[in-house]
Amino acid sequence: MHPAGTFARPDMDLDAVREVSLAVNATHLFVYFVPEAPEEAARLGVTEYAPAYFAFRSAPMGAVPWQVTLAVFYSFSPRSVRAMTGVWDTATPKEWQAARFAAVGRALRRVDAHLTADQLAEARSLIDPVVASADYAGKPMAAANASVPLPAAPLVALWQQITVAREWRGDAHITVLAANGLGPCDCNVLQTATGHFPEAIARATRLWDDEEVAAATARLVARGWLDADGTATDAGIAARERIEAETDELCAALWTPIGDSGARRLTSLILPVHDAFTAAGTYPFRVETGDRRSAAPEAAGQAPSSRGLDARTGSAG
């Protein structure tokens, strides 16, 4: 039985759930690509990308060993996450979290990403009840981020609330991946084969070796999801979409407090942040946004262009 089938599905339009999930991911994502993040990490004494990345994202959980981070990040190999060994000796999780907020704030100012005071207030009126009423059972990354005190800067605070929702979907997605028997390396291979994540970035950041990738490919070939040359089959493409749909079903409960209209309104309010980073040339690939702002002409924003270097959520990996 798939996990979504074990819960009563709230009365939510799953298209609205997918749209807001993509918008949340797109709005969060810049932190993994902006120069401000490694600059803030360097101020803490860490100049390599990998340990800084894991420290920034793990900080809400406290000074956990790398094995705990590996467990909740899922799609990364042990050799990649082991790089964070010693980061809590360099700086405390609280210092890493403050540095992350500093990087986010600086990056937002640099690209002139902004919402009006009214838009900020409306966005918070939508995302805050979602975060406050979410069920965090089995959602370790979301729960950890929900426990982080919000910073004073209004747009950075909104970004952190968005991060909670983003990690909530990531946690739910891992449940679906495991229920479908799709392991950490397998989900990376399926994700790249279906064209939803650049293979070069996956290999460079997840650090699965050739033997592990070959074994994962063989498993997916045996399932009929890949051809022998690693090309996704129609069945594999359909399987990836089914996994996304099952994740949407689990995530419907998250957005129930604001309903379909609230989820779509939040989508239109936050995507201008993503637009500003896209216009600044932040991303080396197209970011999926689920943008339907043409249906909300009152929303400000430019035309738009993911569990980025981080595709943890909403993409079978």
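Residues numbered from 1 in each chain as written. Predicted model: local features only at pLDDT ≥ 70, side-chain atom pairs only at ≥ 80, totals over all residues. Heavy atoms only, no water.

Asks: Quick question: what am I supposed to make of the side chain of Ser 58 here?
Replies: By the secondary structure assignment, Ser 58 is in helix 3 (residues 49–58). According to the relative accessible area criterion, Ser 58 is buried, its value standing at 0%. A distance of 2.8 Å separates a polar side-chain atom of Ser 58 from the backbone oxygen of Phe 54. Ignoring sequence-local partners within four residues, the contact set of Ser 58 consists of Thr 69, Phe 73, Met 84 and Trp 88. (Helix = DSSP H or I, 4+ residues; strand = E, 2+ residues; numbered from the N terminus. Buried < 20%, exposed > 50% of the residue type's maximum accessible area, 1.4 Å probe, protein only. Polar contact = N/O pair within 3.5 Å; in protein donor to acceptor, adjacent residues only side chain to side chain. Contact = heavy atoms within 4.5 Å.)

Asks: Hey, could you run me through empty space enclosed by the protein in this one?
Replies: One simple way to see leftover space: roll a probe sized like a water molecule over the atoms. Taken as a whole, the largest cavity encloses approximately 60 Å³ of empty space. The wall of the largest cavity is formed by Thr 27, Phe 30, Leu 108, Leu 115, Leu 155, Leu 158, Trp 159, Ile 162, Ile 270 and Val 273. Sort the elements by how many residues they give to the lining of the largest cavity and helix 10 (residues 154–179) lands first, with four residues. Each residue belonging to the lining of the largest cavity can be placed in one class, and the counts come to nine nonpolar, one polar and no charged. (1 Å grid on protein atoms, 1.4 Å probe; cavity = no way out; pocket = protein on both sides within 12 Å on 5 of 7 lines; lining within 4 Å. Points joined across faces, edges and corners; volume = space filled by probe spheres on them. Nonpolar A, V, L, I, M, F, W, Y, C, P; charged D, E, K, R; others polar.)

Asks: Could you clarify how one ought to interpret the nonpolar core in this entry?
Replies: Taken as a class, soluble globular proteins show a tendency for nonpolar side chains to be buried jointly. Phe 30, Trp 96, Leu 108, Trp 255 and Phe 277 are the most contacted members of the largest nonpolar core, which has 99 residues in total. Looking at this core element by element, the count peaks at 12 residues for helix 10. (Core = buried A, V, L, I, M, F, W, Y, C linked by side-chain atoms within 4.5 Å.)

Asks: So what exactly am I meant to see when it comes to the packing of aromatic side chains here?
Replies: Each aromatic ring pair is specified by the distance between its two centres and by the angle formed by the two planes. By the definition in use, this model includes 13 aromatic pairs. Consider the rings of Phe 73 and Phe 76, whose centres lie 5.9 Å apart with planes at 50°: the pair is tilted. Each member of the pair Phe 73 and Phe 76 is classed as buried. Ring-pair connections join several aromatic residues into one group, and the members of that group are Tyr 32, Tyr 49, Tyr 53, Phe 54, Phe 73 and Phe 76. A cation sits over an aromatic face here: Lys 139 above Trp 168, 4.6 Å from the ring centre. For the cation-ring pair, Arg 223 lies above Trp 225, with the distance from its terminal atom to the ring centre recorded as 4.0 Å. (Phe/Tyr/Trp six-rings, centres within 6.5 Å; stacked < 30°, edge-to-face > 60°. Lys NZ or Arg CZ within 6 Å of the ring centre and 35° of its normal.)

Asks: Help me out: how do you make sense of helix 3 in this one?
Replies: Count 3.6 residues to each turn of an α-helix, and residues three or four apart come out pointing the same way. Across the 10 residues of helix 3, eight count as buried, placing the element largely inside the fold. Among the residues of helix 3, those classed as buried are Pro 51, Ala 52, Tyr 53, Phe 54, Ala 55, Phe 56, Arg 57 and Ser 58.

Asks: I tried to follow helix 11 (residues 184–193) on my own but got confused; where do I start?
Replies: Within helix 11, eight of the 10 residues are buried, which leaves the element mostly enclosed by the surrounding structure. Listed in full, the buried residues belonging to helix 11 are Cys 185, Asp 186, Cys 187, Asn 188, Val 189, Leu 190, Gln 191 and Thr 192. If you follow the buried residues of helix 11, they end up packed against helix 10, helix 12 (199–206), helix 13 (210–222) and helix 14 (234–255). Positive backbone phi, at 80°, marks Gly 195, one or two positions downstream of helix 11.

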